[in-house]
Structures are given as structure tokens and as C-alpha cells.
Amino acid sequence: MSQILHRSLTGRLPTVVHAEGIHVRDSDGKTYIDACGGAAVSCLGHGHPRLREALLAQLDTVAYMHTGFFTSEAAEALASRLVADAPAGMSHAMVLNSGSEAVEASLKMARQYHVERGEPQRRHIIARRQSYHGNTLGALATGGNAGRRKLHTPILIETHHIDPCFAYRYQQENESDLDYAARAARQLEDKILELGTDSVMAFVAETVVGATAGVVPPVGDYFRRVREICDRYGVLLILDEVMCGMGRTGTLHACEQEGISADIQVLAKGLGGGYQPVSAVLVSSKVHDAFLRGSGAFVHGQTYMGHPMAAAAALAVQQVVTEDNLLENSRLRGAEMMSALQSRFANSPYIGDIRGRGLFIGLELVQDRLSKLPFDPGMALASRLKAGAMKNGLMIYPGSGTIDGKAGDHILLAPPYIVTSEEVGEIVSRLGDTVDQVLADG
Ligand code: PLP
């Protein structure tokens, strides 16, 4: 009997005993292809020799040091690298340990920015429905997934949500991408006007929505418009690239493809590829200068921030991504996976939409393509697909509540950037079998 308080108190999880590249083996000797990097984390796959080397070297140097006493070469090198590769305007980086913590820090930064500038009345956070920003209370309150928020609603801080830019569900027939983008972005302006133009502190959005809506890229000039609206009303733009960032969409930052920079940007997952729990907040000079001219400090701190082992892992992952040209592999293999999925499911009535960028792909399941009607949530389709895939030796990351937090199911694919064309073919073949088997069972 396990004494871990697992995510689910019923059922039995297999025990992993080895993982190498994109392959995972359990204690029964069964093997799996990791087609989702866990939760879009393992961007280099498992057991990468360069990471072993980097972590052992850091262990021999210094494993932990409190950032109130010392800085470390590892954390300094990571911050320099992140800022050098950052979108325009970013001047500093804060190294933390999880996506949720980094989102919390970004919210506190936004709040302090306005206080330092003499606008303490700015307190409202606007985010989007069907987004996920983490599970700590501030991050959970910011996220717009009704299902995940439900239990804790009475203890969540007040936040405000607008619709996501979600073409498959919200774009009208005969509405161009540009018209739809304008309509979706207008909701932000309307919300700012409703709350009071001098009372909003930040707009928070995933550049490409990940886990809760099943990989939803923006359309048209949505984010350019969002950027303009934020600037017009003095609202800080926080982009959450915890899942979609660090190469997952084929460029280092997903916002590069939108032609904009945030004021604060949050990174995790692919930053350290799972070799250490590590996240980061990229801070623009605009925000940093406000702190410098104001109190001279960011009023925040955590025991494990700037952790040397975490920083060493993240730096090594970023070096491998560059040296092995893995952004290009993310683009090329991603395009192959997209077209293989499109042909495999061309005649399937149940796959309503296949969307994504790079090696970040979502498939939305429907009862039939024309009506786009979701399956009954009582069918628990997402968890049945996950179980079916595991049976077939395939790790996928499905989700439910795709449409509104309750209805809708999707499958998220996010294989390591080292995936080969042959492995892409195998992933699509096992996924095709899984979908056929699970839906044939009714
Ligand atoms: N933000 C996004 C977009 C995420 O996908 C996640 C996790 O899935 C988080 C924040 C929270 O990250 P973590 O689980 O590391 O706390």
C-alpha cells in the first residue's frame, strides 16, 4: 500500500523504473512512448547525458545557497542567458521553482509596480476563461477554468475574466480572422472600461492556451491589439508561457510569433525540461526601473529561489536546445505530426479540430464534426483515452471541460523536441488505435 497522498486515492499507478529519450519503462517491464513530456515538460526527453554532467558538476560546486547571503554563478549565468534571448524590453530574470510560484510572483510584481508609481488603487486582475495559471490560490484565482476553481471559489481573490481567443468555438461563420481577433480583444477594453480605467493592474494570458482548452493559438492580430489596449490604459501585460514557451511552439518564446513583448513573462516546464523543478519570471526594464526608483526592492522572496541546481539544469537545457538545433526540430517534427494527424483522422467524425504550433498540438473530440457537439461529460472520455493510450504504451495528456470547464474533451500532445520522424509516425499510429478502440467501446 502506497503512503503517498496521490492525486487520486483510488486506482493504482504503475511505478516508473527507467526513462531514456522518449521511452519510459515501468516495474512490470512495460514500455511507453512519452508523447506529452508528462505535462509538456520533458523537452529533451529523459536521461540526457549533458544534463547528468551539468548537475553533477553543480553538485560538486554548490548545491544550495540562500539568496539573502550570496548570488551564484549558476543563477547569474542563467539570468544572463534568459535576458539575452528574451523578447524586447526584458532586462532581468527571477529564478523560482514552479509555474504557480512564478505566476504568483508576477502578480505581486504588477501590484508593486503600480504602488511604486503612485497608483495604489490599481488592483484588478483580468484574465481569460479557459486558461490555467497554476494551483496556488492567487494563480488559481487568475485562471479561468470553472472546473478547477469550483471547490475553492469562496476563498479565491477577486479576479475578472473575458473570453479566450478560441477560434474553433467562438469565431463566427463568415467572420475573418482579423474581425474575430478585433472582437475578442475588444472584450479586454470593455472590461477595463467597466472596472474603471485607473483600477486595473494586469491582464494575464497564456500566449497559446495549454492544458485547459487543449492548445489554442491566437488568431490574426489579437495579441497586437491586446498590447495596444494594455498600453492605452496603463495595464501591465503578463504572458504566461509556462507551457507554451521555451521552444514548445517552434520558437523560443511563443509571443515572438505574435510580434509583441510582455511587461512580465512567466516561464517553466521546458525551461528545465524536468531535470530540476525550475521556473523564471522575465521582468521588463519598465517594471524593474519602477522598483529601482521606488523602494529599491521587490518585496517577495522564497527559500529556494535562485537555486543553483535548478539554474544549472535550466542553463544546460537551453544550451542543448541551441547546440542541437532543437527549435528547428520542434518546427519540422511538429509540422510532420500535424499532417500525420490530419491524415490519420481525416475520416474520423470524432476529431473536430486539430490545432497547435510546433510540437504543441491539441485534438478536440466531438460527437460529430458538423454540430461540434461535445460528448457527455459523464462518459469521462478524457480519462478513458488516457487509460487506453497507456494500455497501448503511449503517454498522452488529455483534458476535459475544454469548452467551458465542464463540457468538451481534448488530447494534448507535446513530445520531447528530440523526437524523430519515425517516432512521430509511431505516436500517431498508437493514438489512432487508441481513439478507435475507446470510441468503439462507446
Ligand atoms: N501556467 C500554465 C500555463 C501551466 O500550464 C501551468 C501548469 O500546467 C502552470 C502555470 C502552473 O505550473 P506548475 O504546475 O509548475 O505550478
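The preceding data block contains the structure.
Let us look at the structure shown here. Being a predicted model, the structure only gives us computed values, none of them experimental. The residue numbers shown here count from 1 along each chain, following its written sequence. Only residues with pLDDT of 70 or above have their local features reported here, since the model is predicted, and side-chain atom pairs are shown and tallied only from 80 upward, although totals for entire chains, interfaces and linings are computed over all residues. Excluded from the side-chain calculation are hydrogens and water; included are all heavy atoms of the structure.

## Comments concerning the sheet that holds strand E2 (residues 23-26)
Our working definition: One bridge is not enough; two strands pair if DSSP finds at least two bridges between them. In this text, helices come from DSSP runs of H or I with a minimum length of four residues, and strands from runs of E with a minimum of two, each type numbered from the N-terminal end.
Judged by pairing direction, the sheet is mixed, and its four strands sit side by side in the order E1-E2-E3-E13 without closing on themselves. The two strands at the open ends of the sheet, each matched to only one other strand, are strand E1 (16-20) and strand E13 (394-395). Where E2 lies against strand E3 (residues 31-34), three bridges are found, and the strand directions are antiparallel. Considered in E3, the bridge of His 23 is made with Ile 33.

## As for the environment of Leu 359
Note the threshold: Two residues qualify as a contact provided that any one of their heavy atoms is within 4.5 Å of a heavy atom in the partner residue.
Mapped onto the fold, Leu 359 is located in the loop between strand E11 (351-357) and strand E12 (360-365). In this structure Leu 359 touches Arg 248, Asn 329, Ser 330, Arg 333, Gly 334, Leu 413, Ala 414, Pro 415, Pro 416, Tyr 417 and Val 419, once residues within four positions along its chain are discounted.

## Quick notes on the nonpolar core
What counts, and what does not: In plain words, nonpolar cores are sets of buried Ala, Val, Leu, Ile, Met, Phe, Trp, Tyr and Cys residues tied together by side-chain atoms within 4.5 Å. Buried means the residue's accessible area, taken with a 1.4 Å probe over protein chains only, is under 20% of the maximum for its type, while exposed means over 50%, and partly exposed covers the values in between.
With 51 residues, the main nonpolar core has Leu 188, Phe 203, Tyr 222 and Val 226 as its most contacted residues. Looking at this core, the elements that each hand over two or more residues are helix H3 (73-84), strand E4 (90-96), helix H8 (177-195), strand E7 (200-206), helix H9 (222-232), strand E8 (236-241), strand E10 (279-284) and helix H11 (308-323). Looking at which element gives the most residues to this core, the answer is H8, with seven residues. If you look at the next biggest cluster of nonpolar residues, it comprises 42 residues, including Ile 33, Ala 35, Leu 394 and Val 438.

## Focus: H11
Quick note on the threshold: Residue count minus one, scaled by 1.5 Å, sets the expected span of a helix.
With 16 residues, H11 should cover 22 Å at 1.5 Å per step; its first-to-last C-alpha distance of 22 Å lies within 8% of that length. Summarising burial for H11: 13 of the 16 residues are buried, a large majority. Two residues or fewer past H11, Asn 325 is found with a positive phi of approximately 55°.

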